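Per-entry structural report
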Amino acid sequence: MNGLLFSGIKKLTFTETPDPTIVEAGDVILKLELAGICGSDLHPYHGREEGLDLGTVMGHEGVGTIVEVGKSVRSLKKGDRVFVPFTSNCGGCFYCERGLTCRCSSGQLFGWVEKGRGLHGLQGEYSRIPFADSTLMKVPEGVKAEEALLLGDVFSTGRFSAEMAGVSEEGTFVVLGCGPVGLASILNAKVMGATSVFAVDTIAERLEKAVLFGATAIDFKKQNVKALVLEETDGRGADGVIEAVGSAAAERLGMDLVRPGGTLCVTGVHTDKAYSFSPVEAYNKNLIYKTGRCPARYYAEKLLPLVREKRWGIDRLITHRFPLKEGAFAYQVFDEKRDACIKAVLTT
Ligand SMILES: [Zn+2]
Ligand SMILES: [Zn+2]
């Protein structure tokens, strides 16, 4: 088959790679229809995290059709159209039973092969999905492939973030960074009933989209974020801040904006080794700090019926489409935010 392979820093190649095969009895083989490019794919792309083997098929967001089924697979069959949460999960361990599917004891992240171990990603014509029964979800009638794709990661991460930040009808919430996860957090906060949501970014098109989703835009370069949030909250600060950037500066700003007893939710993937604030500051603010990877499988199950019924138009998050074979170019456009790109998908 052909796949989009990691070939070095900022270098991807669409080329021939071995076909995936059934390894465990619970595996299926998926034929790709739609794959997403995610902000976290940019970490190995830029070489910010060491370890990804050359030749790894990239990507962890996908929708496709099952073409081969392992012996012990019960709930899925050949021809089923499914979507993939970004990690595999066994469905039966301590963590899976508690809904923390992202920390499954035998779960793996798609698109991460290191020293020959791990799972290839979904940005290839075919991929192997372990624990298919508990990992995959069927795409029901009435749900678009794009919506299913976003439920496998970005939209679910948005709900997870909004819940972590304690979003409610009352209260003032701030979302730092209007990339796909920030925008998905805004969309979720609004459908959860939040009335006051500030969206902070510097890119006009992203702020416009945030406004479209119901937030009040703050251009970080032109406006004083802290003054605006304090003014809105009688000088207290925000009840909850969602940091959807993954940078020390954004985390620091979140700390400055949150009120005493409020929640700072850090959902951007961090590679920093230390916090951008001190334990003293956290103590003096009675800070609630929440962070971590979204248990996407758990959230997808919760959100799928709602997305189907309420027609929130979550696929408005997607701005660009490319053929899979032009994936290397698509990464450049997405990485450089060229042509107002917010979220790019690859089609076969
Ligand atoms: Zn993702
Ligand atoms: Zn598990």
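All of these numbers come straight from a predicted model, not from anything done at the bench.

Quick notes on the pairing of strand E2 (residues 12-16)
The side chains of a regular strand alternate, first on one face of the sheet and then on the other. Examined bridge by bridge, strand E1 (residues 2-6) and E2 share five bridges and lie antiparallel to one another. Across the sheet, Leu4 pairs through a bridge with Phe14, a residue of E2. Where E1 hands over to E2, the hairpin turn is made up of five residues, of which Gly8 adopts a positive phi near 130 degrees.

Focus on the nonpolar core
The biggest cluster of nonpolar side chains holds 51 residues, and the ones touching the most others in it are Val63, Phe83, Leu151, Phe155, Leu183 and Ile186. Counting contributing residues per domain, this core is built from domain 1 (2-153 + 295-347) and domain 2 (157-291), each supplying no fewer than three. If we skip the residues at most four places from it in the chain, Leu151 touches Phe83, Ser156, Ala296, Ala300, Leu303, Leu304 and Val307. In terms of nonpolar packing, the next biggest core, distinct from the first, is built from 20 residues, Phe6, Leu32, Phe322 and Ala344 among them.

Some words on the coordination of the zinc ion (ligand 2)
Bound to the zinc ion (ligand 2) are the protein donor atoms Cys90 (SG), Cys93 (SG), Cys96 (SG) and Cys104 (SG), situated 2.3 to 2.4 Å from the metal. For the zinc ion (ligand 2), the single-chain donor residues occur in sequence as C-x2-C-x2-C-x7-C. Here the two residues Cys93 and Cys96 agree in accessibility, since each one is buried.

Observations concerning the coordination of the zinc ion (ligand 1)
Where a metal carries four tetrahedral donors, each ideal angle is 109.5 degrees; where it carries six octahedral donors, the ideal angles are 90 or 180 degrees. The protein atoms donating to the zinc ion (ligand 1) are Cys38 (SG), His60 (NE2), Glu61 (OE) and Asp153 (OD), with metal-donor distances spanning 1.8 to 2.2 Å. Coordination geometry of the zinc ion (ligand 1): the four donor atoms subtend angles of 97 to 128 degrees at the metal centre, consistent with an arrangement described as tetrahedral. Along the chain, the residues that donate to the zinc ion (ligand 1) are spaced as C-x21-H-E-x91-D. A relative accessible area of 1% places Glu61 in the buried class.

A few points about unusual backbone geometry
At Asp234, a position not held by glycine, the phi torsion is positive, near 50 degrees. Judged by its relative accessible area of 70%, Asp234 is exposed. Here the phi dihedral of Asp339 falls at roughly 55 degrees; this positive angle occurs in a residue that is not glycine. Of note, Asp339 is situated in the loop between helix H12 (327-335) and strand E17 (344-347).

Re the sheet that holds strand E14 (residues 258-266)
One open sheet accounts for six strands, arranged E12-E11-E10-E13-E14-E15; its pairing is parallel. What marks the edges here is a single partner per strand, and that holds for strand E12 (216-219) and strand E15 (288-291). Each neighbouring strand pair of the sheet contributes to a mean axis angle of 20 degrees, computed without reference to strand direction. Of the strand pairs in this sheet, strand E10 (residues 172-176) and strand E11 (residues 196-201) are connected by five bridges, and their pairing is parallel. Its bridge partner lying in E11, Thr172 is registered against Ser196. Against the sheet, helix H6 (residues 180-191) touches E10, E11 and strand E13 (238-243), its axis set at about 170 degrees to E11.

Some points on the packing of aromatic side chains
Taken as a whole and assessed by the stated rule, the structure comprises nine aromatic pairs. Measuring from centroid to centroid gives 5.3 Å for Tyr45 and Tyr331, while their planes differ by 40 degrees, and the two rings are tilted. In this pair, Tyr45 sits in helix H1 (residues 42-46) while Tyr331 sits in helix H12, placing the two residues 286 residues apart along the sequence. Tyr331 sits in the buried class, given a relative accessible area of 0%. Taken together through their ring pairs, the aromatic side chains of Phe160, Tyr298 and Tyr299 make up a single cluster. Sitting over the face of the ring of Phe94, Arg98 holds its NZ or CZ atom 3.7 Å from the ring centroid.

With respect to the pairing of strand E4 (residues 61-69)
As paired elements, strand E3 (residues 28-37) and E4 share eight bridges and run antiparallel to each other. Bridge pairing links Gly36 to Glu61 in E4. Examined bridge by bridge, E4 and strand E5 (residues 81-84) share four bridges and lie antiparallel to one another. Counted as the bridge partner of Gly64 is Val82 from E5.

Comments concerning the domain arrangement of the protein
According to the domain assignment, the protein consists of domain 1 (2-153 + 295-347) and domain 2 (157-291). Each of domain 1 and domain 2 has a C-alpha centre, and these two points are 27 Å apart. Residue-level contacts link 19 residues of domain 1 with 18 residues of domain 2. Together, the buried faces of domain 1 and domain 2 total about 1,700 Å²; carbon and sulfur atoms form 68% of this surface. Considering only the side of domain 1, the residues that lose the most area to domain 2 are Arg316, Leu317 and Ile342, jointly responsible for 34% of the buried surface there. Scanning the region where domain 1 abuts domain 2 turns up one salt bridge. When its residues are assigned to classes, the side of domain 1 that touches domain 2 shows 10 nonpolar, three polar and six charged.

Rules used in this analysis
Residues numbered from 1 in each chain as written. Chains lettered and ligands numbered in written order. Predicted model: local features only at pLDDT ≥ 70, side-chain atom pairs only at ≥ 80, totals over all residues. Heavy atoms only, no water. Pairing = 2+ DSSP bridges. Helix = DSSP H or I, 4+ residues; strand = E, 2+ residues; numbered from the N terminus. Core = buried A, V, L, I, M, F, W, Y, C linked by side-chain atoms within 4.5 Å. Buried < 20%, exposed > 50% of the residue type's maximum accessible area, 1.4 Å probe, protein only. Domains from an automatic or database assignment. Contact = heavy atoms within 4.5 Å. Donors = N, O, S within 2.8 Å, 3.2 Å for Na, K, Ca; no water. Tetrahedral: all angles 85-135°; square planar, octahedral: opposite > 155°, others 65-115°. Axes fitted to C-alpha atoms, helices over the stretch in contact; angles between N-to-C directions. Phe/Tyr/Trp six-rings, centres within 6.5 Å; stacked < 30°, edge-to-face > 60°. Lys NZ or Arg CZ within 6 Å of the ring centre and 35° of its normal. Buried area = accessible area lost by both parts, 1.4 Å probe. Salt bridge = Lys/Arg side-chain N within 4 Å of Asp/Glu carboxyl O. Nonpolar A, V, L, I, M, F, W, Y, C, P; charged D, E, K, R; others polar.

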